[in-house]
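These are the residues of each chain, in order.
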Amino acid sequence: MIRVLNTATTDLDALVVTSSANLANGKILLVDSAIIDLQHDTTTEADTKILTIKVVYKTTPDGVTGDEAPFLFAGLTAADATDDDILFQAILNACDGTSPAACAKMGKQIGGTDAAPGGGAAPVIASISTQTANIMGTRMASLREGANYAAGEATGFASGGGGLNKSVWIRPYTYHGDQGARSGKASSDSATYGFVAGVDAMVLNAVRVGVAAGYANTDVDVADVRNTNTDIDSWQVSLYGDYTADRWYVDGVIGYGRNNVDTVGTIAIPATAGPPATAAVNGTVSGDYDTDQFTLQLGGAACRST
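Treat the numbers as computed from the prediction; the structure is a model and nothing was measured.

Across its full length, the protein chain holds four helices and eleven strands. For the protein chain, restricting intrachain contacts to residue pairs at least 6 apart in sequence, the fraction spanning at least 24 positions comes to 59%. Roughly 16,300 Å² of accessible area belongs to the protein chain as shown, and the carbon and sulfur atoms make up 56% of that amount.

Below is the structure:
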């Protein structure tokens, strides 16, 4: 809020205009900026010798229509409350002295609105669960004996896979993903390296059950304005089982996964010439959270006589 005291008899409130069409000598024109709204307040002071102007931050800056708009308002409010003059002036310079595109980019830097939710972790965690269940499905397929199954007569080979031990086994795996930009979210790529190990045994004539555990590490790089990097550690434990008859089978996997997700991004706001000039603002934003995941996969098939 700005207050001007005039000791003369002039009515200051009468001098204020909000349109350049009414501008004349001796008048006071209030000019809004892209992110600042100047409001003539006639309710605070009854004395006409005191002019009160409110400085209001716009909740939606001019020319900015995306999800980043609220973060600009929040950034100005927080910088004002904490006396962070560098960030405050950087936002003003970006929004008032540059362009709507620069203002929007500033909002994305503050709010991370173009980043994939959770640092891109959700699809990766889902793929690890699927990969783990598929490995156990391959394990069970490799042990089905008989001419009607891919393993053939006790060969111990899965269709398209390698040999697997019939009591204790281990299988390493890797997964690489590439997600293109869509719906306003930045593109990302990921690399996963992990393994699953288990032990199983026949408990009845045609019933096999087993238990497996696995671990995987994933690195996700998001091409957003923060250059977000996400590191995921995943642990899984599963029970699996199979019943195989001469011409049909059913199998299933039930599992639980625990994932630790660490994300870190950079905020790099360049220096501006102003006026007034501002120094560069550099920092990091980070997050650390855990997720739980449950998996249930059922399958089966029947062989038709020829």
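This paragraph deals with a nonpolar patch on the surface. A contiguous nonpolar surface patch, about 1,000 Å² in accessible area, is contributed by V168, V199, V211, V237, L239, I254, Y256, F294, L296 and L298. Elements that contribute at least two residues to the nonpolar patch include exactly β9 (229–244), β10 (248–269) and β11 (281–302). Tracing the sequence through the fold places I254 in strand β10. Taking relative accessible area as the criterion, I254 reaches 49% and is therefore assigned partly exposed.

Tallied over the full model, the rule gives five aromatic pairs. The side chain of R144 reaches across the aromatic face of Y249, ending 3.6 Å from its centre.

In this section: the side chain of S190. Structurally, the position occupied by S190 is in strand β7 (residues 188–202). Residue class for S190 comes out buried when judged on its relative accessible area of 10%.

The tally for this structure, following the rule as stated, stands at seven salt bridges. Linking D200 and R139 is a salt bridge whose minimum nitrogen-to-oxygen distance equals 2.8 Å. With D200 in strand β7 and R139 in helix α4 (residues 121–142), this residue pair connects regions lying 61 residues apart in the sequence. Linked by salt bridges that have partners in common, R139, D200 and R208 make up one network.

Further remarks concern the nonpolar core. Here is a general trend for soluble globular proteins: nonpolar side chains tend to be buried in one another's company. The biggest cluster of nonpolar side chains holds 21 residues, and the ones touching the most others in it are I35, L72, L76, I91, M106 and I269. For this core, the secondary structure elements donating two or more residues are α1 (69–81), α2 (85–96), α3 (100–111) and β10. Taken domain by domain, this core gets at least three of its residues from each of domain 1 (20–111) and domain 2 (120–153 + 161–302). Those residues in contact with L76 that lie beyond four places of it in its chain are I35, Y57, F88, I91 and L92. With 20 residues, the next largest nonpolar core counts I125, A186, A216 and V220 among its residues.

Now for the sheet that holds strand β8 (residues 207–222). Spatial ordering of the open sheet is given by β6-β7-β8-β9-β10-β11, a layout of six strands whose pairing is antiparallel. Looking along the sheet, the strands with just one partner apiece sit at the ends: β6 (168–179) and β11. Sheet twist, expressed as the average angle between the axes of neighbouring strands with direction ignored, equals 15°. With 16 bridges joining them, β9 and β10 adopt antiparallel strand pairing. Directly across from Q236, in β10, lies its bridge partner G257. Packing of α4 onto the sheet brings it into contact with β6, β7, β8, β9, β10 and β11, and relative to β9 it is tilted by some 30°.

On the surface, D80, D83, D84 and D85 cluster together into a negatively charged patch. If you trace the backbone, D85 turns up in helix α2.

Examined against the element boundaries, N259 turns out to sit in strand β10. Among residues more than four places away in sequence, those in contact with N259 are I125, I232, D233, S234, Y289, D290, T291 and Q293.

What follows deals with α1. Helix length check: α1 (13 residues) gives 19 Å between terminal C-alpha atoms against 18 Å at 1.5 Å per residue, within 8%. Regarding α1, the residues found buried are A69, L72, G75, L76 and A79. Projected down its long axis, α1 carries its buried residues within an arc of 120°, all on one side. Here the buried face of α1 lies against β5 (50–57), α2 and α3. Of the residues one or two after α1, D83 is the one with positive phi, at around 60°.

Averaged over the protein chain, the pLDDT score is 79; the fraction of residues at 70 or greater is 77%. A low-confidence stretch, residues 153–165 stays under pLDDT 50, and its non-local contacts, those more than four residues away or across chains, total 24 contacts.

For the pair α1 and α2, the least separation of the axes is 8 Å and the interaxial angle reads 145°. Of the two possible hands of crossing, α1 and α2 adopt the one that is left-handed. Side by side, α1 and α2 meet where L72, G75, L76, A79 and D80 of the first sit next to L87, F88, I91, L92 and C95 of the second. Taken together, the residues of the contact of α1 with α2 break down into eight nonpolar, one polar and one charged.

Rules behind the numbers
Residues numbered from 1 in each chain as written. Predicted model: local features only at pLDDT ≥ 70, side-chain atom pairs only at ≥ 80, totals over all residues. Heavy atoms only, no water. Helix = DSSP H or I, 4+ residues; strand = E, 2+ residues; numbered from the N terminus. Contact = heavy atoms within 4.5 Å. Areas by Shrake-Rupley, 256 points an atom, 1.4 Å probe, with all protein chains shown as cover. Patch = residues over 30% accessible without salt bridge, like charges linked within 9 Å, V, L, I, M, F, W, Y side chains within 5 Å. Salt bridge = Lys/Arg side-chain N within 4 Å of Asp/Glu carboxyl O. Buried < 20%, exposed > 50% of the residue type's maximum accessible area, 1.4 Å probe, protein only. Phe/Tyr/Trp six-rings, centres within 6.5 Å; stacked < 30°, edge-to-face > 60°. Lys NZ or Arg CZ within 6 Å of the ring centre and 35° of its normal. Core = buried A, V, L, I, M, F, W, Y, C linked by side-chain atoms within 4.5 Å. Domains from an automatic or database assignment. Pairing = 2+ DSSP bridges. Axes fitted to C-alpha atoms, helices over the stretch in contact; angles between N-to-C directions. Lys, Arg positive; Asp, Glu negative; His and termini not counted. Charge placed at Lys NZ, Arg CZ, Asp CG, Glu CD. Expected span 1.5 Å × (residues − 1). Arc of directions from axis to C-beta. pLDDT = per-residue confidence, 0-100. Left-handed = near helix turned anticlockwise from the far one by under 90°. Nonpolar A, V, L, I, M, F, W, Y, C, P; charged D, E, K, R; others polar.

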